[in-house]
Amino acid sequence: MALDMPPIVTLTLNPCVDVSYDIDRLIEDQKVHANANRFDPGGNGINVARALKRLQRPAHACAVLGGEIGALFTRLAAPQVEQLHDVRIDGETRINVTLQQQQPRAQFEVSGIGPTLNASALQQVTDMVLRLAGNGYAVLTGSRMPGVPTDYYAEMVNALRRQGARTVIDAQGEMLAQAVAARPFLIKPNRAELEQLIQRRLDNPRAVVEAAQAVCDQGVEWVCVSLGADGAVLVSEEQAVLGVAPHVKVASTVGAGDSMVGALVHAFSRGDTPEDALRLALACGSGTAAQPGTELFDPRALPDLLSRTQVSNWQDESPPQGRSRLQM
Ligand SMILES: Nc1ncnc2c1ncn2[C@@H]1O[C@H](COP(=O)(O)OP(=O)(O)OP(=O)(O)O)[C@@H](O)[C@H]1O
Ligand SMILES: [Mg+2]
């Protein structure tokens, strides 16, 4: 890593071991044998760190782990994240299961219940993130963490700002709303999360851009709204960049949003333009959608994905080819 690169830290308070099974068909009361299975370290923050490693961007991944599943998590994470820092607690890290059914094509997901965080473990991991982030970037993701107060991200945004660090938030509901009031550097809601935040339906691109601008007016520097297969918009007080996702054969969208967040923080931390940041984010998000189960984008596919990702400024009168796909 170039010495002048600011540090990036991701936080995963409720990590999991992701188990994905490829099956022909799930049938009630019958045993089904998997055609293939995969084990991955999971949780949004870990996925962001996995995406950063694929972008050859070193990052620190902080996670709270428990028990034997926590030990398995550590082993699985070793080749996939640059540097894992853990805080150990009682109880077992959860296991999340994804079933990828072939006929008819469908995906089933069960999310497990993680151990409840106690105040001392939360304090330890908080101190760890603040120390490692320095004046760089902290990525705070996830919204369901037993034992974590809803103003936790908001308090972190404030503490990180005091030390000159920028915070990226990917959360929803009350945790996102409170974090927004603390004015983070960037948030990455999908359309439903933004609708919930501003308590309004957003049924066309203009409404999405205006809603994102309203959030920027509250002091959030950048709002990236992801729109699934339709792409995404990246908005600040002065600018709105619109991007169309490259077409891919979708295998599983698990981790698509996390890949996008990893790409955004990488791009902003090295000083990319907003246009380039959004292009990379879309290429990584869609690259992940093209991969099965919990597998993230293949970095070797990025040049092709980037060449097929269209971005343009909202003010431009000439939309990129395919803008018409941005109908929601
Ligand atoms: N069906 C798809 N086809 C192509 N690209 C996709 C598709 N779904 C997602 N993507 C890519 O991934 C990005 C993020 O997807 P999405 O808006 O679904 O995020 P999200 O809802 O936060 O996802 P997550 O479930 O990972 O939290 C999109 O902007 C797009 O680039
Ligand atoms: Mg998401």
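Our structure is the block above this text.
Residues numbered from 1 in each chain as written. Chains lettered and ligands numbered in written order. Predicted model: local features only at pLDDT ≥ 70, side-chain atom pairs only at ≥ 80, totals over all residues. Heavy atoms only, no water.

**Structural notes on the packing of helix α5 (residues 173-181) against helix α6 (residues 191-198)**
Axes are the key here: two packed helices are described by the angle between their axes and the distance separating the axes. The line we're drawing: Here the axes come from fitting lines to C-alpha atoms, over the contacting stretch only for helices, and the angles between their N-to-C directions go from 0 to 180 degrees. To qualify as a helix, a DSSP run of H or I must reach at least 4 residues; to qualify as a strand, a run of E must reach at least 2; elements of each kind are numbered from the N terminus. An angle below 35 degrees is read as roughly parallel, one above 145 as roughly antiparallel, one from 65 to 115 as roughly perpendicular, and any other as oblique. If you view the pair so one helix is near and one far, a crossing is left-handed when the near helix is turned anticlockwise from the far one by less than a right angle, and right-handed when it is turned clockwise. Contacts are assigned to residue pairs that have any heavy atoms within 4.5 Å of one another. Nonpolar residues are Ala, Val, Leu, Ile, Met, Phe, Trp, Tyr, Cys and Pro. Charged residues are Asp, Glu, Lys and Arg, and all others, Gly as well, are polar.
Axis separation between α5 and α6 bottoms out at 10 Å; the angle between their running directions is 65°. With respect to α6, the element α5 is oriented roughly perpendicular. When the axes of α5 and α6 are compared, the crossing they make is right-handed. Side by side, α5 and α6 meet where G173, L176, A177 and V180 of the first sit next to E193, Q196 and L197 of the second. Looking at the contact of α5 with α6, its residues break down into four nonpolar, two polar and one charged.

**Focus on the site of ligand 1**
Operational definition: Note on terminology: near, applied to a residue and a molecule or strand, indicates that one of the residue's heavy atoms is within 4 Å of it. Pairs of N or O atoms within 3.5 Å make up the polar contacts considered here, provided that, within protein, one atom can donate a hydrogen while the other can accept it, and that residues adjacent in sequence are counted only when both atoms are side-chain atoms. Areas reported as accessible are Shrake-Rupley estimates using a 1.4 Å probe. Residue values count occlusion only from the protein chains shown.
Close contacts around ligand 1 come from 19 residues, with K188, N190, S226, G228 and G257 the closest. In the environment of ligand 1, an oxygen atom lies 2.9 Å from a nitrogen or oxygen atom belonging to the backbone of G257. The protein chains hide 80% of the 630 Å² of surface that ligand 1 would expose on its own. If you tally residues by element for the shell around ligand 1, the top one is helix α9 (residues 274-289), at four residues. Of the residues contributing to the shell around ligand 1, the split by class is nine nonpolar, nine polar and one charged.

**Topic: the sheet that holds strand β13 (residues 240-244)**
Quick note on the threshold: DSSP calls a pair of strands paired once it identifies at least 2 bridges connecting them.
Spatial strand order, β5-β4-β1-β8-β9-β10-β11-β12-β13-β14: 10 strands in an open sheet with mixed pairing. Of all the strands in the sheet, the pair left with one neighbour each is β5 (83-89) and β14 (310-313). Relative to strand β11 (residues 222-226), strand β10 (residues 186-187) is paired through two bridges, and the arrangement is parallel. Bridging from a neighbouring strand, L186 pairs with W222 of β11. Along the sheet face, helix α4 (residues 152-162) touches β1 (8-12), β8 (137-141) and β9 (166-170) and points at about 160° away from the line of β9.

**Observations regarding a negative patch on the surface**
The cut-off we apply is this: To count toward a patch, a residue needs a relative accessible area above 30% and no salt bridge. Like charges then connect within 9 Å, nonpolar side chains (Val, Leu, Ile, Met, Phe, Trp, Tyr) within 5 Å. By definition here, a salt bridge exists when the distance from a side-chain nitrogen of Lys or Arg to a carboxyl oxygen of Asp or Glu is within 4 Å. Positive charges come from Lys and Arg alone, negative charges from Asp and Glu alone, with His and the N- and C-terminal ends not counted. Charged side chains are reduced to one point each, which is NZ for Lys, CZ for Arg, CG for Asp and CD for Glu.
On the surface, D217, E221, E237 and E238 cluster together into a patch of negative charge. Turning to its location among the elements, E238 is positioned in the loop between β12 (232-235) and β13.

**A short note on the packing of aromatic side chains**
Stated precisely, the cut-off is as follows: Centre distance within 6.5 Å is the pairing criterion for rings of Phe, Tyr and Trp, where only the six-membered ring of Trp is used; planes under 30 degrees apart are then read as stacked, over 60 as edge-to-face, and the remainder as tilted. Only protein chains enter the accessibility calculation, which uses a 1.4 Å probe; a residue is then buried when its area is under 20% of its type maximum, exposed when over 50%, and partly exposed in between.
According to the stated counting rule, one finds four aromatic pairs in the structure shown. Here Y137 and F185 contribute two aromatic rings whose centre-to-centre distance is 5.8 Å and whose plane-to-plane angle is 75°, an arrangement assigned as edge-to-face. Taken together, the positions of Y137 in strand β8 and F185 in the loop between α5 and β10 put the pair 48 residues apart, joining distant regions of the chain. Pair check on accessibility: Y137 and F185 agree, each one buried. The rings of Y137, F185, W222 and F268 are connected pair by pair, giving a single aromatic cluster.

**Things to note about empty space enclosed by the protein**
Operational definition: Using a 1 Å grid laid over the protein atoms alone, points where a 1.4 Å probe fits but cannot get out form a cavity; open sets with protein on both sides within 12 Å along at least 5 of 7 lines form a pocket; any residue with an atom within 4 Å of a point counts as lining. Grid points are joined across faces, edges and corners, and a volume is the space filled by probe spheres set on the points.
By the definition in use, this model includes one cavity of 30 Å³ or more. For the largest cavity, the calculated volume is near 50 Å³. Lining the largest cavity we find L13, N14, P15, V64, I89, T93, R94, P115 and L117.

**Here's the deal with the sheet that holds strand β2 (residues 16-23)**
Read across the open sheet, the four strands follow the order β3-β2-β6-β7; overall the sheet is mixed. The open sheet has two free edges, formed respectively by β3 (36-42) and β7 (106-110), since each of these has just one partner strand. Strand-to-strand, the axes of this sheet are offset by a mean angle of 15°, without reference to chain direction. Two elements, β2 and strand β6 (residues 94-101), share eight bridges in a ladder whose sense is parallel. The residue of β6 that forms the bridge with I23 is Q101.

**Remarks on the state of the cysteines**
Two cysteines joined by a covalent bond between their sulfur atoms form a disulfide. Here is the rule we go by: Disulfide: a pair of cysteine sulfur atoms within 2.5 Å of each other.
Counted by the stated rule, this structure contains zero disulfides. Distance from the sulfur of C216, which forms no disulfide, to the nearest cysteine sulfur (C224) is 11 Å. Accessibility expressed as a relative area gives 3% for C216, which makes it buried. Take C284: it sits in no disulfide, and the sulfur closest to it among the cysteines is that of C224, at 12 Å. The class for C284 is buried, based on a relative accessible area of 0%.

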